[in-house]
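Coordinates in review
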Amino acid sequence: MHRTIVIAVVLLAMAGFTFGAEIPAHNIYGNYVEARTADVYTGPCFANAEVGLVGQLAVFGWKVTKGSWQGVDLDGMSVVGVVRAHHTLGDVFESAYPVKAVMIVDSRANPEQRLALQSFAKHMAGDLLQDVVRVDYQPIELTFADDDIHSMKANLTAGNLAKISTRALSEGDHICHNEEVWYRPLTKLDHAMPAYALANQFQGQGLDTTWRSPDKRSAFVGTFVTESE
């Protein structure tokens, strides 16, 4: 009888531990790239000359390498945000809002994935994607040279609407020789590195403007990891 009681107590304790234990959160992982129309890695002389004049426009995109959002599998899917702000994005002295946005969703996604990708992008970008005026569906590719994000050689294409191409910053990109990361990435990242934008363009509709802004120290590449909803 005593042995039976002990076993029952142990089993109840184990059950209590199992049901009471915190279930590990599921995460969603992937890669990211952005490019703006102002230098993000620069010195004060360049930054002060640009603020309020440029930097209101940006393209940014995520590629999910693994994970789900709102219970929908997004492995291999991508989504891009394009914004036109009232003021230079990232300026701590003046608000960039209001911001108009266009979203470009991976055309390979099924209807559930399309909705999940839009929700995920809004979660990651916050207020930047609060006022989405247009959603397009295009084939999206985000690749890195040798599949290595630390090469900083990224290529993002969203059909014929948006494009970013980057390379690593080099010694020749240090003009003032006191450059630093002047603006932070537009979204929360697990790991971020400034990069040189060989191409940064948007040729779509919805923002009452299009642009090509190549050859600037205006890009970030990075990785993200966040808890799935």
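Everything that follows concerns the structure shown earlier in this document.
Residues numbered from 1 in each chain as written. Predicted model: local features only at pLDDT ≥ 70, side-chain atom pairs only at ≥ 80, totals over all residues. Heavy atoms only, no water.

**Here we look at the overall build of the chain**
Short version of the rule: Helix and strand labels come from DSSP, where a helix needs a run of H or I of at least four residues and a strand needs a run of E of at least two; each type is numbered from the N terminus. The classification of residues rests on relative accessible area computed with a 1.4 Å probe and restricted to protein chains. Under 20% of the type maximum is buried, over 50% is exposed, and intermediate values are partly exposed. When checking whether two residues touch, look at their non-hydrogen atoms; a contact exists if any pair is within 4.5 Å. Shrake-Rupley sampling with a 1.4 Å probe provides the accessible areas, and residues are treated as covered by the protein chains on show and by no other component.
Broken down by element type, the chain carries 3 helices and 15 strands. Each of the 229 residues in the chain was classed as buried or not, and the buried ones make up 45%. When contacts within the chain are restricted to residue pairs at least 6 apart in sequence, long-range pairs at least 24 apart make up 71% of them. Of the roughly 11800 Å² of accessible surface on the chain, a fraction of 54% belongs to carbon and sulfur atoms.

**Here's the deal with the side chain of Thr226**
Among the secondary structure elements, Thr226 is positioned in strand 15 (residues 216–227). Excluding residues that lie within four positions of it along the chain, Thr226 makes contacts with His26, Asn27, Ile28, Trp69, Phe120, His123 and Met124.

**Comments concerning the pattern of salt bridges**
For clarity, the threshold we go by: Just to be clear on terms, a salt bridge is a Lys or Arg side-chain nitrogen sitting within 4 Å of an Asp or Glu carboxyl oxygen.
Counted by the stated rule, this structure contains 9 salt bridges. For Arg108, the salt bridge goes to Asp106, with nearest N and O atoms at 2.8 Å. Look at Asp106 and you get buried, because its relative accessible area is 0%. A cluster of three or more residues bridged by salt bridges with shared partners is formed by Asp39, Glu50, Glu179, Lys216 and Arg217.

**Side note on unusual backbone geometry**
Here the amide bond leading from Tyr97 into Pro98 is cis, since omega sits at 10°, within 30 degrees of zero. Notably, Asp147 is not glycine yet its phi reads approximately 55°, a positive angle. Mapping Asp147 onto the fold places it in the loop between strand 9 (140–144) and strand 10 (154–158). Under the relative-accessibility criterion, Asp147 is labelled exposed at 78%. Positive phi is not limited to glycine here, since His177 has a value of about 65°. Mapped onto the elements of the fold, His177 is located in the loop between strand 11 (162–167) and strand 12 (180–181).

**Some points on the pairing of strand 3 (residues 57–66)**
Counted only if it meets this: By this definition, two strands are paired if DSSP reports at least two bridges between them.
The buried count for strand 3 comes to 7 of 10 residues, which makes it a mostly enclosed element. Inspection of the sheet shows strand 1 (residues 27–36) paired to strand 3 by 8 bridges, in the antiparallel sense. Along strand 3, the bridge assignment pairs Arg36 with Ala58. Taken together, the 7 bridges between strand 3 and strand 6 (residues 78–85) define a ladder with antiparallel strand orientation. Considered in strand 6, the bridge of Lys63 is made with Ser78.

**Overview of the side chain of Glu50**
Secondary-structure assignment places Glu50 in helix 2 (residues 44–50). The contacts of Glu50, once residues within four sequence positions are left out, are Ala38, Asp39, Thr88 and Lys216.

**Observations regarding the nonpolar core**
The cut-off we apply is this: Nonpolar core, defined: a set of buried Ala, Val, Leu, Ile, Met, Phe, Trp, Tyr and Cys residues in which side-chain atoms within 4.5 Å join the residues together.
Counting residues in each nonpolar core, the largest one holds 30 residues, and the members touching the most others are Phe60, Trp62, Leu74, Phe120 and Leu129. Of all the elements in the fold, those that place two or more residues in this core are strand 1, strand 3, strand 6, strand 7 (99–106) and helix 3 (111–125). Those residues in contact with Phe60, other than ones at most four positions away along the chain, are Tyr32, Val33, Glu34, Val79, Val80, Gly81, Val83, Ala125, Leu128, Leu129 and Leu186. Among the nonpolar cores identified, the runner-up in size contains 27 residues, and Ile149, Ala158, Ile164 and Ala219 belong to it.

**A look at the packing of aromatic side chains**
Threshold: Centre distance within 6.5 Å is the pairing criterion for rings of Phe, Tyr and Trp, where only the six-membered ring of Trp is used; planes under 30 degrees apart are then read as stacked, over 60 as edge-to-face, and the remainder as tilted. Charge-over-ring contacts are defined here by two conditions on Lys NZ or Arg CZ: a distance within 6 Å of the ring centre and an angle within 35 degrees of the ring normal.
Within the structure shown, the criterion is met by 6 aromatic pairs. With a centroid separation of 5.6 Å and 90° between ring planes, the pair formed by Phe60 and Trp62 is classed as edge-to-face. What makes Trp62 buried here is its relative accessible area of 1%. On the numbers, 5.5 Å between centres and 75° between planes, the contact of Trp69 with Phe120 is edge-to-face. Taken together, the residues Trp69 in strand 4 (residues 68–69) and Phe120 in helix 3 connect sequence positions 51 residues apart. Cluster of aromatic residues (ring-pair linked, three or more members): Tyr32, Phe60, Trp62, Trp69, Phe120 and Phe224. The ring of Tyr196 carries the charged tip of Arg167 above its face, separated from the ring centre by 3.9 Å.

Read these as spatial facts, not as claims about activity.
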